[in-house]
Amino acid sequence: MAQQMLKPDAAFAREIAQAGGQSVKKCYQCATCAVACPLAPANAPYPRKEMIWASWGLKDKLRGDVDLWLCHNCGNCSDLCPRGARPAEMMAAARNMVYRDLTAPSVVGKWMSSPAGLPYLFAIPAILWLLVWWIAAGFNGGNWFPRAADGRIVFGQIFYGDYTIDPIFMLTFFGAVFVLYRGVRKLWELFRPEGKLLVVGRTRHWILHLVDVLIEEVVTHGRFDDCETGPATGKATPSRKFGHMFLVWSFILLAFVTAMVALGHWGGKVIPLIKIETPMSLLFPLKILANVGALLLLCGLGILTARRLALNPDDQGSGYYDWYLLGIIWLVAVTGIGTQCFRLADAIRPAFMTYYLHLVFVWMLFAYLPWSKLGHFVYRTAALVYVRMYGRS
Ligand code: SF4
Ligand code: SF4
């Protein structure tokens, strides 16, 4: 039988160490972590094998490892590791590196991996929306802060929905979906040998598995109950499950409101009955839903931020990735609420400037989604669907 050659990659081992897996060399393969993991099945344990692959720099083994994506980063294994080798942090670091590689162009992933890349990530949308503002101001006779004919503050006077916001965000959204689609295809290709091992043949169509995974992972967050304790913080921290759940539900609610407003706007041109006037009044049902979504967003953000702040510096692991995403969502929420407050207070200059920043941060959230921690959510879902397709529960 032909022997498979293992190809160690020292640079990859170093990168993992820098990305949060600096303690992997301490591992002496006792297997406590694999036994302690509440999610690893007995016949396919992790993260012990991943620790040895990481310390030997076996990049290809880690890239094709479906178990990397089944880990919930609860930290139980790190808590119980007798050597302080921090397997949970290594799993997170390896995941980040793999999905950065999967997602082209990789330079965005590189910018995303450290604070040094932030100016580039910010500059792209900042210039884009400033250009839009400058051109629209030109159409308004050089007035950068125009009011509507009835004196109200209407952001569409500068940021025209039909000609700027809708096309730019549509392109951004579908661009991100396309990048993720390609990434998921590549990920499934990497898993292929694992699929052969799991075997057995497909049992149901992948779409049915996707529905199950979405119900379990998104609607109920059921698997969080299996590993709720989280990394050793030394302090009691609010529930990770509820932080995630509130955040995900708020995204779903806000996405629904956005879709309805777009439908009302574009569909209203054809069927006047469904037309939605913007800005919506505070008591309009969609506006109420949007505000409930914003409230859930703030609760989720508050809980997850409190948890992160409570972590010991040694437990930060993939900390910058988490802080980047939390930071951007905070900025989206704060500028969104600020925009509404300034508009209601009739403060036109702060209202327009806050709205401009809001557009910049929303663009950053969507456009860089495939490289951020949110991309992880998509890849994780794809991995869960994959293992179910091949007979592993
Ligand atoms: S990571 Fe820790 S618990 Fe896991 S095998 Fe290595 S030494 Fe043991
Ligand atoms: S972090 Fe939690 S889910 Fe991930 S390997 Fe460790 S114990 Fe298992």
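What you are looking at is a predicted structure, and each value in this text was computed from that prediction instead of being measured. (Residues numbered from 1 in each chain as written. Chains lettered and ligands numbered in written order. Predicted model: local features only at pLDDT ≥ 70, side-chain atom pairs only at ≥ 80, totals over all residues.)

1. Some remarks on the site of ligand 2
What surrounds ligand 2 is a group of 17 residues, the closest being Cys 37, Cys 71, Cys 74, Cys 77 and Ala 88. Looking at which element gives the most residues to the shell around ligand 2, the answer is helix α6 (residues 87-102), with three residues. Residues belonging to the shell around ligand 2 are distributed by class as follows: 13 nonpolar, four polar and no charged. (Near = placed C-beta within 6 Å. Helix = DSSP H or I, 4+ residues; strand = E, 2+ residues; numbered from the N terminus. Nonpolar A, V, L, I, M, F, W, Y, C, P; charged D, E, K, R; others polar.)

2. Overview of helix α1 (residues 10-21)
Here α1 is 12 residues long, yet its end C-alpha atoms lie only 14 Å apart, well below the 16 Å a rise of 1.5 Å per residue gives. Three or more residues of α1 are buried, namely Phe 12, Ala 13, Ile 16, Ala 19, Gly 20 and Gly 21. For α1, the buried positions fall inside an angular range of 130° around the axis, keeping them on one side. The exposed residues of α1 that point more than 90 degrees off its buried face are Ala 10, Ala 11 and Arg 14. (Expected span 1.5 Å × (residues − 1). Buried ≥ 20, exposed ≤ 12 C-beta atoms within 10 Å, placed from the backbone. Arc of directions from axis to C-beta.)

3. Brief notes about the site of ligand 1
Residues in close proximity to ligand 1 total 13 residues, the closest being Cys 27, Cys 30, Thr 32, Cys 33 and Cys 81. Where the shell around ligand 1 is concerned, the elements lending two or more residues are α2 (32-36) and α3 (48-56). In the shell around ligand 1, the residues fall into nine nonpolar, two polar and two charged.

4. Topic: the packing of helix α11 (residues 240-267) against helix α12 (residues 285-310)
Following both chains from N to C, one finds α11 and α12 inclined at 155°, their axes separated by 7 Å at the closest point. Looking at the two axes, α11 sits roughly antiparallel to α12. As α11 packs across α12, the resulting crossing turns out to be left-handed. A per-class count over the contact of α11 with α12 returns 19 nonpolar, four polar and two charged. (Axes fitted to C-alpha atoms, helices over the stretch in contact; angles between N-to-C directions. Parallel < 35°, antiparallel > 145°, perpendicular 65-115°, else oblique. Left-handed = near helix turned anticlockwise from the far one by under 90°.)

5. Topic: the environment of Ile 153
Mapped onto the fold, Ile 153 is located in the loop between α8 (118-139) and α9 (161-198). Sequence spacing of Ile 153 and Ala 351 is 198 residues, and the spatial spacing of their C-alpha atoms is 8.2 Å.

6. Section: the confidence of the model for the chain
Detailed conclusions should not be drawn from predicted coordinates in areas where pLDDT is low. Of all residues in the chain, 89% attain a pLDDT of 70 or more, and the chain-wide mean is 84. With pLDDT under 50 throughout, residues 230-236 is counted as low confidence; its partners more than four residues away or in other chains account for 19 contacts. (pLDDT = per-residue confidence, 0-100. Contact = placed C-beta atoms within 7 Å.)

7. Topic: the nonpolar core
With 83 residues, the main nonpolar core has Ile 16, Ala 54, Ala 94 and Ala 383 as its most contacted residues. Among the elements that line this core, the one with the most residues is helix α14 (residues 348-367), at 12 residues. The residues that make up this core include at least three from each of domain 1 (10-102) and domain 2 (106-389). Those residues within four positions of Ile 16 in sequence are excluded, and the remaining contacts are Gly 21, Val 24, Ala 54, Met 90, Ala 93, Ala 94 and Met 97. (Core = buried A, V, L, I, M, F, W, Y, C linked by C-beta atoms within 7 Å. Domains from an automatic or database assignment.)

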